[in-house]
Amino acid sequence: MSDETPKTRLEKLRLEQDAKFDAIVSCLSRELYSGSPASEADREHLIEEAELLTDNWAAAENNHRPLELSTALQILLSEHQEICKQIIKIIDAGISEE
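Structural notes, computed from the coordinates.

So, about the overall build of the chain. Counting secondary structure elements, the chain contains three helices and zero strands. Its helices and strands taken in sequence order, the chain reads α-α-α from the N to the C terminus. In the chain, which comprises 98 residues, the proportion classed as buried is 28%. Long-range pairs, those at least 24 residues apart, make up 58% of the contacts in the chain with a sequence separation of at least 6. A total of about 6600 Å² of accessible surface is found on the chain, and carbon and sulfur atoms cover 52% of it.

Structure, rendered in structure tokens:
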């Protein structure tokens, strides 16, 4: 059994969620820019693309569409969604965000 309070767990999950999102952005950058550093405008585009992908992944999962985990990006999206579900579960259990 964990000594973590739900609030502490929520904070840790939010940090994990941010880190996983950053990993998604980095993965997109590697795929789209072949490892070369992205400009600030490119980075903004990558963040927008990552937000769209995470939203689409969640929608597909909610619609019970089969999701394939064959690429690094798909695995990251799946892991991000699992963290999101854990956050929602804690919030739904009545933990306030003070």
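An ideal rise of 1.5 Å per residue puts 30 Å on 21 residues; helix α3 (residues 72-92) measures up with 30 Å between its terminal C-alpha atoms. Where α3 is concerned, the buried positions are Leu 73, Leu 76, Leu 77, Ser 78, His 80, Gln 81, Ile 83, Cys 84, Ile 87 and Ile 90. Phi for Gly 94, located one or two positions after α3, is positive at around 100°.

To continue, consider unusual backbone geometry. With the exception of glycine, most residues fall at negative phi, and the peptide bonds are largely trans. Of note, the phi angle at His 64 is positive, near 60°, even though the residue is not glycine. Within the element layout of this structure, His 64 appears in the loop between α2 (40-62) and α3.

Two side chains bearing opposite charge may form a pair once their charged atoms approach each other closely. The tally for this structure, following the rule as stated, stands at four salt bridges. Lys 20 is the salt-bridge partner of Glu 79, the closest N and O atoms lying 2.7 Å from each other. In this pair, Glu 79 is assigned in helix α3 and Lys 20 in helix α1 (residues 6-33), connecting sequence segments 59 residues apart. Overall, Glu 79 belongs to the partly exposed group, its relative accessible area being 33%. Several salt bridges converge on common partners, so that one network encompasses Glu 61, Glu 82 and Lys 85.

Criteria and cut-off values
- Residues numbered from 1 in each chain as written.
- Predicted model: local features only at pLDDT ≥ 70, side-chain atom pairs only at ≥ 80, totals over all residues.
- Heavy atoms only, no water.
- Helix = DSSP H or I, 4+ residues; strand = E, 2+ residues; numbered from the N terminus.
- Buried < 20%, exposed > 50% of the residue type's maximum accessible area, 1.4 Å probe, protein only.
- Contact = heavy atoms within 4.5 Å.
- Areas by Shrake-Rupley, 256 points an atom, 1.4 Å probe, with all protein chains shown as cover.
- Expected span 1.5 Å × (residues − 1).
- Salt bridge = Lys/Arg side-chain N within 4 Å of Asp/Glu carboxyl O.

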